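Coordinate analysis (summary)
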Amino acid sequence: MGCRRTAFLSHFAGDPRGVVTFDVILDANIIVSAQLLQHPLAPSFRLFEASLGRALRNHISEALREEYLDVLLRPAILRRHGLSPAEVRELVDLVRHFSLEVAPPQAVAVAPDARDQHLWDMLAAYPHLKLVTGDPPLVASGDFPGRILSPRDFVDRFLATE
């Protein structure tokens, strides 16, 4: 009998307010990777955990929330993380609970991939945000200098432990 994975939910049902060190946008690939790996040293997992533990405040738009759901509910991804559709919805609701919901206007800047335009809209509307993504074309983009970081780069620069 195989081991069933569970969503990382257990001890984060409390108050989402508190001291926030960084305001970020966690791309869907960060949330998915965190659920697939569930390893405390994996950058995506550390980011996910920090966003629930108040070190980071994730910003989420309706389009980004839908992307979280869409990707986590893809059949191949469902099989890999082992969560039920109801658990996926619970996980996304938890992320939403600990995130600041925003509704940015459409930006003039065009994203490298049209499917990521909602991320560019958020970056353009909120200049204090940093996007953390594992998507190489987004990281390599010349748009928003210093504000688009890989998970490893963000963790090494801002969440390094002594």
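Look up: the structure comes first, before these words.
This write-up is about the structure you can find in this document.

Each value, and the rule that gives it
- Residues numbered from 1 in each chain as written.
- Predicted model: local features only at pLDDT ≥ 70, side-chain atom pairs only at ≥ 80, totals over all residues.
- Heavy atoms only, no water.
- Helix = DSSP H or I, 4+ residues; strand = E, 2+ residues; numbered from the N terminus.
- Contact = heavy atoms within 4.5 Å.
- Buried < 20%, exposed > 50% of the residue type's maximum accessible area, 1.4 Å probe, protein only.
- Pairing = 2+ DSSP bridges.
- Axes fitted to C-alpha atoms, helices over the stretch in contact; angles between N-to-C directions.
- Core = buried A, V, L, I, M, F, W, Y, C linked by side-chain atoms within 4.5 Å.
- Polar contact = N/O pair within 3.5 Å; in protein donor to acceptor, adjacent residues only side chain to side chain.
- 1 Å grid on protein atoms, 1.4 Å probe; cavity = no way out; pocket = protein on both sides within 12 Å on 5 of 7 lines; lining within 4 Å.
- Points joined across faces, edges and corners; volume = space filled by probe spheres on them.
- Nonpolar A, V, L, I, M, F, W, Y, C, P; charged D, E, K, R; others polar.
- Phe/Tyr/Trp six-rings, centres within 6.5 Å; stacked < 30°, edge-to-face > 60°.

Here we take up the environment of Ala160. Secondary-structure assignment places Ala160 in the segment after helix H8 (151–158). Excluding residues within four positions of it along the chain, Ala160 makes contact with Arg46 and Val155.

In this section: helix H3 (residues 62–72). Side chains that are three or four residues apart share a direction in an α-helix, a result of its 3.6 residues per turn. For H3, every residue scored as buried is listed here: Leu64, Arg65, Glu67, Tyr68, Leu69, Val71 and Leu72. Contact partners of the buried residues in H3: strand S1 (22–26), helix H1 (28–37), strand S2 (56–60), helix H4 (75–81), helix H5 (85–97) and helix H6 (117–125).

The next subject is the pairing of S2. With 4 of 5 residues buried, S2 lies mostly within the body of the structure. Where S1 meets S2, 3 bridges bridge the pair, whose relative direction is parallel. Bridge assignment links Phe22 to a residue of S2, and that residue is Leu56. Note: S2 against strand S3 (residues 99–101), 3 bridges, orientation parallel. The partner of Asn58 across the bridge, within S3, is Ser99.

What follows deals with the sheet that holds S2. The parallel open sheet is built from 5 strands, whose spatial order is S3-S2-S1-S4-S5. Two strands bound the open sheet, and with one partner strand each, they are S3 and strand S5 (148–149). Across 3 bridges, S1 lies against strand S4 (residues 130–132) in parallel orientation. Bridge assignment links Val24 to a residue of S4, and that residue is Lys130. Contacts between H3 and the sheet are confined to S1 and S2, with S2 contributing the most and set at about 95° to the helix.

The next thing to look at is the nonpolar core. Counting residues in hydrophobic clusters, the biggest one holds 48 residues, and the most contacted among them are Leu47, Tyr68, Trp120 and Phe154. A total of 6 residues in this core trace back to one element, the largest contributor, which is H1. Once residues within four sequence positions are removed from consideration, Trp120 is found in contact with Ala107, Ala109, Val110, Ala111, Pro112, Leu131, Leu138, Ser141, Asp143, Phe144 and Ile148.

Attention shifts here to the side chain of Ser141. Take Ser141: it is sitting in the loop between helix H7 (136–140) and S5. Among the polar contacts listed, one links the side chain of Ser141 to the backbone nitrogen of Asp143, at a separation of 2.9 Å. Setting aside chain neighbours within four positions, we find Ser141 in contact with Pro112 and Trp120.

Each pocket or cavity is described by its volume, and for the largest pocket that value is around 260 Å³. Of all the elements in the fold, those that place two or more residues in the lining of the largest pocket are H1 and H3. The element contributing the most residues to the lining of the largest pocket is H3, with 3 residues. Residues belonging to the lining of the largest pocket are distributed by class as follows: 2 nonpolar, 1 polar and 8 charged.

What follows covers the packing of aromatic side chains. The full count for this structure, using the stated rule, is 4 aromatic pairs. Taken together, a centroid distance of 4.7 Å and an interplanar angle of 55° make the contact between Phe22 and Phe158 tilted. With Phe22 in strand S1 and Phe158 in helix H8, this residue pair connects regions lying 136 residues apart in the sequence. The class for Phe158 is partly exposed, based on a relative accessible area of 25%. Ring geometry for Phe154 against Phe158: centres 4.9 Å apart, planes inclined by 50°, an arrangement best described as tilted. Taken together, the residues Phe154 and Phe158, both in helix H8 and 4 residues apart, mark about one turn of the helix. Among the residues examined, Phe154 registers a relative accessible area of 0% and is labelled buried. Through pairs of rings, three or more aromatic residues link up here, namely Phe22, Phe154 and Phe158.

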